[in-house]
Amino acid sequence: MSSIEDNLRDAYRDAAQTVTRHAMRGLGEQAVRLAPHGRPPRRLAARRVMLPVAAAASIAVAAILTLAVIPGILAGSQTRSHPRPAGGPGGADRFYVMTANPGGTALTVRDTATGAKVGVVRAPARGLFFGGLATGDGRHYVAALWRSGACRTWLYRFRLGEHGRPGPLSPFALASVGQLLTPIAVSQDNATFGYEGQRCADPSGRAPSDLAVVDLATKRTRSWSLPKQADVSSLSLTADGGYLAFDVAPTRLFSSAAYVLATAAPPGPALSRARRAATPGRGGAVDSAVITPDGSALYVTVSPAGTASQRRWQLRRIDLATGRADVVGRYPGSPAEFAADPSVSKALVLVLRFPSSSPTPSPTPHRSELPTPTPSPHRGSALPTPSPTAVSPTAGPPRPTVPRLVLITLGTGSIRTIRALGWSPAQYWAGLLAW
Amino acid sequence: MDVIAGNAEHAPDAAHGQPQPEEFVAELYRAHALTLIRVALLLLGDQPSAEDVVQDAFLGLQRGLSRLREQDKALPYLRASVVNGCRSVQRSRSRAWHRRIPHEPPVWSAESAAMASEDRRAVLAAVAGLPGRAREVLALRYYLDLADGEIAAILGVSRSTVSSTASRALATLARTLREQM
């Protein structure tokens, strides 16, 4: 009997260790889950909305999440190979990462070159915790804060100064919204604010949500409804706020896709008003999407179907004029958070389950063009609708994995690991990436 | 949708004196959520469902905290809530199965590929074939290392029932694994 007992203990231990602290969501945190094939704590299926009940480590993941969730809030200024439209605090090849503490009550700015802490942004009142973060120009940030048990989001802004030092929090032009906002986005001209707002009327947490954009000068809000099963995890605006890009994670009712919505579109169902601009292929998932400031292209991260050991996630570029999709690179691990710089020339990606024996990942050596979708003239926008594409993942043997923060040059797909931060799963728990 | 512009309502009520119930629950969550999620995972097979069950248990604790006379009863309450929550999920899965609604493959299945060792996957797959109460007893005894008395309190049965259930479960398990070899 002792043998079977020992076997049982060993088996339980192995299975239990598939759940790690950094991959679990905080108390009251929306169940932003990753795709069914193993992405981390963001969107495995439908997101379930719950009121935040405590200031636990519950930074929303999703486009927060995602932060959300997924481990820590990250933000930073950018590297300098491309001009920054609005200028930023970072010097050449220097940028900063913002992480949330486990309770979500403070953001810490760290220099990615040295790992040094350069500043802290604390929640403005006790009981509030950070639920989302966005920037349009890399210098001015909007923070969404939640409070335990309250179906409301309070919005604050702050500025990153020289050397990544954050200025004080002050109320945002839009003081608060009676929904739980996650994710949020700001246009580069800081004139338009976008968000997905979870309605909270349903205590079961299965209420639908809205996509909305607010003209910050006039406070005029335009919103589109999302069905309650839809799980939006990333949100981005063009520089002038004219288009809103978002992704929808796969659920039982929806296949995953990235959408582009003209913000002048009339109110109504968001998925009907928007153009489906990218699809992941059968069984895959679009993890995140970001639109370029000029609205010419959409970058998406895609997790194809397959087992964890076989899967390589992809970075794809979608030309929104022609619908042509290119695979910019294929990488190991699971992309948990994806945050592009304001010019959408580089991206910080938190990669979970990164093979520990691959210190410097390499993208595929050449671009492969995916089938060009047929532009669709209907549904009210000039943006074409691509057809689903199937891309075979690259197989590989299972290896020990670790979380990694990497920097990807979007134009070339080149990737490098950021090592100075000394990765801490606890520190990066409820991940939000933003520049 | 209620959108407020300007500073009205901007400073939320932040008057706090004594530690709030939310803080107590949040502290419990930090200390025990991971272990409870793992227990739920062992009973359900997948992390999303396990997390949902544990979240619900903590939310339930928070709602009923005023009725909890002794704080050291909170953890046993949570354990019992998680076990009960797992039973509810299993029941709903049974209904969903009839409607052919899929759920996450269990972590020990080959489809999941979350566990590398085939032997250990086989052990857990065999456990999954046991009756519900047997699986609960084994998980609480061999993962949480709880005494039979504690397990009995969580499951609402006698200590002797726990002991006999565990014995029968281990015997069945040993036989099943022998037959597979």
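What counts, and where the lines are drawn
Residues numbered from 1 in each chain as written. Chains lettered and ligands numbered in written order. Predicted model: local features only at pLDDT ≥ 70, side-chain atom pairs only at ≥ 80, totals over all residues. Helix = DSSP H or I, 4+ residues; strand = E, 2+ residues; numbered from the N terminus. Buried ≥ 20, exposed ≤ 12 C-beta atoms within 10 Å, placed from the backbone. Pairing = 2+ DSSP bridges. Axes fitted to C-alpha atoms, helices over the stretch in contact; angles between N-to-C directions. Parallel < 35°, antiparallel > 145°, perpendicular 65-115°, else oblique. Contact = placed C-beta atoms within 7 Å. Left-handed = near helix turned anticlockwise from the far one by under 90°. Nonpolar A, V, L, I, M, F, W, Y, C, P; charged D, E, K, R; others polar. pLDDT = per-residue confidence, 0-100. Expected span 1.5 Å × (residues − 1). Bend = angle between axes of the 7 residues up to and from the residue.

J.: Which residues make up the overall build of chain B, and what values go with them?
T.: Within chain B one finds 7 helices and 1 strand. The buried share of chain B, reckoned over its 181 residues, is 36%.

J.: An account of the sheet that holds strand E2 (residues 96-100) of chain A is requested, with residue identities and associated values reported.
T.: Residue and element names in this part refer to chain A. Spatially, E2-E3-E4 is the arrangement adopted by the 3 strands of the open sheet, whose pairing is antiparallel. Pairing within the sheet leaves two strands with one partner each, and these edge strands are E2 and strand E4 (117-122). Going across the sheet, the axis of each strand differs from the next one's by a mean of 20°, ignoring polarity. Bridge count for E2 against strand E3 (residues 106-111) is 5 bridges, and the pairing is antiparallel.

J.: Summarise unusual backbone geometry; cite the residues concerned and give the values.
T.: A positive phi angle, close to 65°, is found at Lys-219 of chain A, a residue other than glycine. Counting through the fold element by element, Lys-219 of chain A comes out in the loop between strand E11 (209-215) and strand E12 (220-226). Judged by the 14 C-beta atoms lying within 10 Å of it, Lys-219 of chain A falls in the partly exposed class. With a phi angle near 60°, Asp-145 of chain B is a residue other than glycine that sits in the positive phi range. Summarising the element assignment, Asp-145 of chain B is placed in the loop between helix H5 (132-142) and helix H6 (148-155).

J.: Provide a residue-level description of the packing of H5 of chain B against helix H7 (residues 159-180) of chain B, including the pertinent values.
T.: Residue and element names in this part refer to chain B. Between H5 and H7, the shortest axis-to-axis distance is 9 Å and the interhelical angle comes to 100°. On the basis of their axis angle, the class for H5 and H7 is roughly perpendicular. Counting all contacts with H5, which are made through Arg-133, Ala-134, Val-137, Leu-138 and Arg-141, the residues of H7 involved are Val-162, Thr-165, Ala-166, Arg-168 and Ala-169.

J.: How would you sum up the sheet that holds strand E16 (residues 275-278) of chain A? Please name residues and give values.
T.: Residue and element names in this part refer to chain A. Strand order in the open sheet formed by 4 strands is E13-E14-E15-E16, and the pairing between neighbours is antiparallel. Each of the sheet's edge strands pairs with one partner strand only, and the pair in question is strand E13 (232-237) and E16. Each strand of the sheet is rotated relative to its neighbour by a mean of 30°, with strand direction disregarded. Across 3 bridges, strand E15 (residues 257-262) lies against E16 in antiparallel orientation. Its bridge partner being in E16, Ala-258 is matched across the sheet by Ala-278.

J.: Quick rundown of the packing of helix H4 (residues 118-128) of chain B against H7 of chain B? Include the residues and the values.
T.: All names here are of chain B. Taken N-terminus to C-terminus, the directions of H4 and H7 make an angle of 125°; their axes are 10 Å apart at the nearest point. On the basis of their axis angle, the class for H4 and H7 is oblique. The handedness of the crossing between H4 and H7 comes out as right-handed. The residues of H7 that touch H4, namely those facing Ala-122, Val-123, Ala-126 and Val-127, are Leu-173, Thr-176, Leu-177 and Gln-180. A breakdown of the residues in the contact of H4 with H7 according to their chemical character gives 6 nonpolar, 2 polar and no charged.

J.: Go over the confidence of the model for chain A, please, and point to the residues and values.
T.: All names here are of chain A. For chain A, per-residue confidence averages 70 on the pLDDT scale, and residues scoring 70 or more make up 63% of the total. Low pLDDT, under 50, characterises residues 30-92; the stretch is placed with 326 contacts to residues that sit more than four places away or in other chains. Across residues 358-362, confidence stays below pLDDT 50; counting only partners more than four residues off in sequence or on other chains, it has 8 contacts.

J.: Lay out the pairing of strand E5 (residues 128-135) of chain A with the relevant residues and their values.
T.: Residue and element names in this part refer to chain A. With 8 of its 8 residues buried, E5 lies for the most part within the structure. Both E5 and strand E6 (residues 140-147) contribute to a ladder of 7 bridges, which runs antiparallel. Looking across to E6, one finds that Phe-130 is bridged to Leu-145. Hairpin connection, E5 to E6: the antiparallel pair is bridged by 4 residues, and Gly-138 has positive phi, about 80°.

J.: Explain helix H1 (residues 21-44) of chain B to me, and be specific about the residues and the numbers.
T.: Taking 1.5 Å of rise per residue, 24 residues should cover 34 Å, yet H1 of chain B covers just 29 Å from first to last C-alpha, more than 12% shy of that figure. Bending of H1 of chain B peaks at approximately 55° at the position of His-32 of chain B.

J.: Tell me what's going on with the environment of Thr-99 of chain A, and back it up with residues and numbers.
T.: Residue and element names in this part refer to chain A. Along the chain, the position of Thr-99 falls in strand E2. The buried category is assigned to Thr-99, around which 25 C-beta atoms lie within 10 Å. Between the C-alpha atoms of Thr-99 and Val-109, which are 10 residues apart in sequence, the distance is 6.5 Å.

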